[in-house]
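Listed below, chain by chain, are the residues.
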Amino acid sequence: MLLINCPFCGPRNHTEFDYGSDASVLRPADDAPESEWFAYVYLRSNPKGAHTEYWQHALGCRSWIKVKRDTLTHDIAGVSLANALAQREQQ
Ligand SMILES: [Zn+2]
């Protein structure tokens, strides 16, 4: 079982959350070449170790969060709000 510490609700079982996507992938510029868009939409790495992911607290406050998780051990190194404005307010 993973215990994810939601910034609003506190520690919760991972079954309350839905995995969103890889948070390390950056959206290309609107005028970027098609190859960059292809990579953004379809290509993903499968890292062994530290990874940053988007999760949504679907059965709780419905907030989107960024989770730094080790894909090998499932240890969670940190959780922050996914929204950039909210991240600035937390600092
Ligand atoms: Zn929550």
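Residues numbered from 1 in each chain as written. Predicted model: local features only at pLDDT ≥ 70, side-chain atom pairs only at ≥ 80, totals over all residues. Heavy atoms only, no water.

(A) Quick peek at the coordination of the zinc ion. Coordination of the zinc ion by the protein is provided by Cys6 (SG), Cys9 (SG), His57 (ND1) and Cys61 (SG), with metal-donor distances spanning 2.1 to 2.5 Å. Here the zinc ion binds four donor atoms, and the angle range of 104 to 120 degrees at the metal identifies the geometry as tetrahedral. Read in sequence order, the donor residues for the zinc ion give the motif C-x2-C-x47-H-x3-C. (Donors = N, O, S within 2.8 Å, 3.2 Å for Na, K, Ca; no water. Tetrahedral: all angles 85-135°; square planar, octahedral: opposite > 155°, others 65-115°.)

(B) Expanded view of the side chain of Asp22. Position of Asp22 relative to the elements: it lies in strand 3 (residues 18–22). The buried charged residue Asp22 lacks any salt bridge, with Arg44 as its nearest oppositely charged partner at 4.9 Å. Polar side-chain contacts of Asp22 include one of 2.5 Å to the side chain of Ser24. Leaving out residues up to four positions away in the same chain, Asp22 has contacts with Arg44, Ser45, His51, Thr52 and Tyr54. (Helix = DSSP H or I, 4+ residues; strand = E, 2+ residues; numbered from the N terminus. Buried < 20%, exposed > 50% of the residue type's maximum accessible area, 1.4 Å probe, protein only. Lys, Arg positive; Asp, Glu negative; His and termini not counted. Salt bridge = Lys/Arg side-chain N within 4 Å of Asp/Glu carboxyl O. Polar contact = N/O pair within 3.5 Å; in protein donor to acceptor, adjacent residues only side chain to side chain. Contact = heavy atoms within 4.5 Å.)

(C) Focus on the environment of Gly78. By secondary structure assignment, the location of Gly78 is in strand 6 (residues 76–81). Sequence separation between Gly78 and Asn5 is 73 residues, and the spatial gap between their C-alpha atoms is 8.4 Å. When near neighbours in sequence (up to four residues on either side) are disregarded, Gly78 contacts Lys66, Val67 and Lys68.

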